[in-house]
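# Structural overview
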Protein chains: 2
Amino acid sequence: MSRRPTLKDVAALAGVSRATASLVIRDERGPSAASRERVRAAAAALGYVPDPAAQLLRRGRSGLLGVVFTARDAFHADLLDGVYPAAEARGFSVVLGAVSPARTADRAVAALLASRCEALLLLGGRYGAERLAELAAEVPVVDVGHVGEPGPVDAVASADDEGVGAAVEHLVALGHTAIAMVDGGEQPGAAQRRAGYRAAVRRHGLPERIVPGDNTEVSGAAAVEALRPDLPTAILANNDQCAVGVLDALRRSGIGVPEQVSVIGYDDSQLARLAHVDLTTVAQDAGEIARIAVGAALDRAEGDTSEPKHIRLTPHLVVRSTTAPAP
Amino acid sequence: MSRRPTLKDVAALAGVSRATASLVIRDERGPSAASRERVRAAAAALGYVPDPAAQLLRRGRSGLLGVVFTARDAFHADLLDGVYPAAEARGFSVVLGAVSPARTADRAVAALLASRCEALLLLGGRYGAERLAELAAEVPVVDVGHVGEPGPVDAVASADDEGVGAAVEHLVALGHTAIAMVDGGEQPGAAQRRAGYRAAVRRHGLPERIVPGDNTEVSGAAAVEALRPDLPTAILANNDQCAVGVLDALRRSGIGVPEQVSVIGYDDSQLARLAHVDLTTVAQDAGEIARIAVGAALDRAEGDTSEPKHIRLTPHLVVRSTTAPAP
DNA sequence: TTGAAAGCGCTAACAC
DNA sequence: GTGTTAGCGCTTTCAA
């Protein structure tokens, strides 16, 4: 097996200098169309791929965007789909650090730092303010899915309170006046969703009715029991799974959804999309979140030193078949 | 902000040459105890950290193990859990290439190759023999989850046909005689699981009944519709996600699981272990597969040129609460 | 035991 | 427009 081709080989084959070949490869202006053509052909013929170590050494920059994600998280997978094109559009490569039960976020971060990435995207908002500040001293950091008070670094998250607000508006527009919410307890984001519900019903002068829950199907079913016998005409669940439990309990006792009671979930998970579930729910726009987060991270990598930005994206309602006009 | 200290700075401060300092930093033998002492002190005083890019450039090795995985695949997440410690134990770092609907395996491979990884782990067995041979010409490749005939590269996979066979045996032992399977379509591994099902039902003289599917919950739910009205007493799904769709569709139409219909998944993913799913399923030993695959890949990276190895691990049935004696 | 010198593959100045 | 030159920070001969 022969040595990998270097820029020198490409230049020799194309009959130009290494400098010219380098410019062509990097799409810099300078070389004539004829030179470009021949260098391109030579590179293709040789299967030339630039050596990142040499580039890094010379440029003093890695062109790498580090992304810490959770391997099993479907929403993170959606985010990654958006991260790759956004980073590549700006000439950065993505280097991934997986977090799993067997691998802590700290390990993932350490590995990414060792790769000399120029900025770090933290998916999942799992770090506290102090740790974020520590990391930010090493490299620009963007906290994706940040909850709570604005922290010391750029953050991108969806405005869950507004998402729930939109769900309530939808129900009000359908004529509902008795709208209950199944709470999400201590789960991340639950407080914000609860606040959104409270604000929205208050805005419309409607009664507030919250029953406890914990994002599971079982808790959704239990919530229905807790609401009896005075069932509302609409139930908001803190997430889709819980909503499915609500649906299940209602239908089991012969109550028509959406004819008698409307149900709305949260997350637009696969579950919500099942043909026979077909749940009205609130979706976060993963692509948009990813695009904005990457933009912020790379702006920092390229020298932006403005105050930390805190961006909240408005999620949108996905109307399916579990909501209808109030009976 | 001052420049990072280089080896030259350390050497100057210690009053030795860069060569000597290099030896000390890498714990190579040669330098005298006195030199070691002074270089160590100088490095500590300066907070010196070797530049990996320069080391790589000079050494001509990246110390990287590339891993192509599918972002949404729970089993791949389990494999990654095993890959990291195995690679790190041998002094390699792991560099990940994600495959998703928006990013092809070829792109992921290209990115990893560009990072100059010394070996490649392909999770998911999605490449054919020719492509594998092409890749293997660039870098040692281990095909994890390989199906079919032994290919041109090392392969580690679980014997999915035996896994499905064990699932059928379990059902037969419970008295089931009408056992259907929800297929996995073109998904990697599906053909082998289908073959295992066919062989097992034939062995017992039972009728064969296969409905199409594609490893999603939606397809599991659809499969139940396709099986109506003549529902079997047991349904085997090509993976856990699909099985959850099956469970969901059955329960939603009031059919008791496992009282009326038994359901078995495949993969023993986190999903199967959730308390309210508690799915009987077939488990592959992800940790063992990962360990063996990493070992093979790094052996190759370090010069092993023996014939391609083909390792098949036997999966085992995990009985939970979705299977019971036939009604 | 130590140091001088020669690059690894690439890019940035500067000259032509 | 293109080539020459001089390193980036490190390791590795090879002499001393």
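Reference entry: report on the structure contained in this document. These numbers were taken from a predicted model, which means no experiment stands behind them. (Residues numbered from 1 in each chain as written. Chains lettered and ligands numbered in written order. Predicted model: local features only at pLDDT ≥ 70, side-chain atom pairs only at ≥ 80, totals over all residues. Heavy atoms only, no water.)

What follows deals with the pattern of salt bridges. Across all of its chains, the model carries 46 salt bridges over all chains by this definition. What emerges from the salt-bridge pattern is a single network uniting Asp154(A), Arg300(A), Asp304(A) and Lys309(A). (Salt bridge = Lys/Arg side-chain N within 4 Å of Asp/Glu carboxyl O.)

With that settled, consider the protein's contact with DNA strand C. Looking at DNA strand C, there are 25 residues lining it, with Leu7(A), Arg18(A), Tyr48(A), Arg58(A) and Arg58(B) nearest. Near the protein, within 4 Å, the atoms of DNA strand C are sugar or phosphate in 63% of cases. A distance of 2.7 Å separates a phosphate oxygen of DNA strand C from a polar atom in the side chain of Ser22(A). Ser32(B) is positioned such that a nitrogen or oxygen atom in its backbone is 2.6 Å from a phosphate oxygen of DNA strand C. Residue assignment for the surface near DNA strand C shows that the elements contributing at least two residues are helix 2 (18-25) and helix 4 (52-59) of chain A together with helix 2 (18-25) and helix 4 (52-59) of chain B. In terms of residues, the surface near DNA strand C owes the most to one element, helix 4 of chain A, which gives five residues. Among the residues making up the surface near DNA strand C, the classes are represented as ten nonpolar, eight polar and seven charged. (Near = heavy atom within 4 Å. Polar contact = N/O pair within 3.5 Å; in protein donor to acceptor, adjacent residues only side chain to side chain. Helix = DSSP H or I, 4+ residues; strand = E, 2+ residues; numbered from the N terminus. Nonpolar A, V, L, I, M, F, W, Y, C, P; charged D, E, K, R; others polar.)

On to the packing of aromatic side chains. In this structure the tally under the stated criterion is one aromatic pair over all chains. Ring geometry for Phe69(A) versus Phe69(B): centroids 6.1 Å apart, planes at 25 degrees, classification stacked. One end of the pair, Phe69(A), is in strand 1 (residues 64-70); the other, Phe69(B), is in strand 1 (residues 64-70), on a second chain. The two residues Phe69(A) and Phe69(B) agree in class, both being buried. The aromatic ring of Tyr266(A) is capped on one face by Arg193(A), whose charged end is 3.9 Å from the ring centroid. (Phe/Tyr/Trp six-rings, centres within 6.5 Å; stacked < 30°, edge-to-face > 60°. Buried < 20%, exposed > 50% of the residue type's maximum accessible area, 1.4 Å probe, protein only. Lys NZ or Arg CZ within 6 Å of the ring centre and 35° of its normal.)

Looking now at the pairing of strand 1 of chain B. All names here are of chain B. Burial analysis of strand 1 places six of its seven residues in the buried class, which makes it a mostly covered element. Across seven bridges, the pairing between strand 1 and strand 2 (residues 93-99) is parallel. Directly across from Gly66, in strand 2, lies its bridge partner Val95. In the sheet, strand 1 pairs with strand 3 (residues 119-123) via four bridges, with the strands oriented parallel. What sits directly across from Val68, in strand 3, is Leu122. (Pairing = 2+ DSSP bridges.)

Right, let's get into the protein's contact with DNA strand D. Ser32(A), Arg58(A), Leu7(B), Arg18(B) and Tyr48(B) are the nearest of the 24 residues found near DNA strand D. Of everything in DNA strand D that lies within 4 Å of the protein, sugar and phosphate atoms constitute 63%. At 2.4 Å, a backbone N or O of Leu7(B) approaches a phosphate oxygen of DNA strand D. Separating a base oxygen of DNA strand D from a side-chain N or O atom of Arg58(B) is a distance of 2.6 Å. Counting residues per element, the ones that place at least two in the surface near DNA strand D are helix 2 and helix 4 of chain A together with helix 2 and helix 4 of chain B.

Let us now look at the packing of helix 10 (residues 217-227) of chain B against helix 11 (residues 240-252) of chain B. Residues and elements named next belong to chain B. Contact pair helix 10 / helix 11: the axes reach a minimum separation of 6 Å and the direction vectors enclose 45 degrees. The orientation of helix 10 relative to helix 11 falls into the category oblique. Crossing handedness for the pair helix 10 and helix 11: right-handed. Packed against helix 10, whose contacting residues are Glu217, Ser219, Gly220, Ala221 and Val224, the element helix 11 presents Gln241, Cys242, Val244, Gly245, Val246, Ala249 and Leu250 at the interface. Here the contact of helix 10 with helix 11 is composed, by residue class, of seven nonpolar, four polar and one charged. (Axes fitted to C-alpha atoms, helices over the stretch in contact; angles between N-to-C directions. Parallel < 35°, antiparallel > 145°, perpendicular 65-115°, else oblique. Left-handed = near helix turned anticlockwise from the far one by under 90°. Contact = heavy atoms within 4.5 Å.)

A few words now on the interface of chain A and chain B. At the interface, 40 residues of chain A touch 41 residues of chain B. For the chain A and chain B pair, buried surface summed over both sides reaches about 3500 Å², with 54% attributable to carbon and sulfur atoms. Our count for the chain A to chain B interface comes out at three salt bridges. A salt bridge links Arg107(B) to Glu88(A); its shortest N-O distance comes to 2.7 Å. Taken together, the connections running from chain A to chain B amount to eight residue pairs in polar contact (both at pLDDT 80 or more). The set of elements that each furnish at least two residues to the side of chain A that touches chain B consists of helix 4, helix 5 (74-89), strand 2 (93-99), helix 6 (105-114), helix 11 (240-252) and helix 12 (270-273) of chain A. (Buried area = accessible area lost by both parts, 1.4 Å probe.)

Quick look at the nonpolar core now. One finds Leu65(A), Leu96(A), Leu121(A), Leu65(B), Leu96(B) and Leu121(B) to be the most contacted residues of the largest nonpolar core, which totals 59 residues. Core analysis: the next-biggest nonpolar cluster, separate from the first, contains 24 residues, Ala180(A), Ala237(A), Val257(A) and Leu271(A) among them. (Core = buried A, V, L, I, M, F, W, Y, C linked by side-chain atoms within 4.5 Å.)

Moving on, we come to the sheet that holds strand 1 of chain B. Residue and element names in this part refer to chain B. Taken together, six strands build an open sheet; the order of strands is 2-1-3-4-5-11 and the sheet is parallel. Every other strand in the sheet has two partners, leaving strand 2 and strand 11 (310-313) as the edge strands with one partner each. Ignoring strand direction, the axes of neighbouring strands in this sheet form an average angle of 15 degrees. Across the sheet, helix 13 (residues 286-301) lies against strand 1, strand 3, strand 4 (141-144), strand 5 (154-158) and strand 11, angled at about 180 degrees from strand 5, the strand it touches most.

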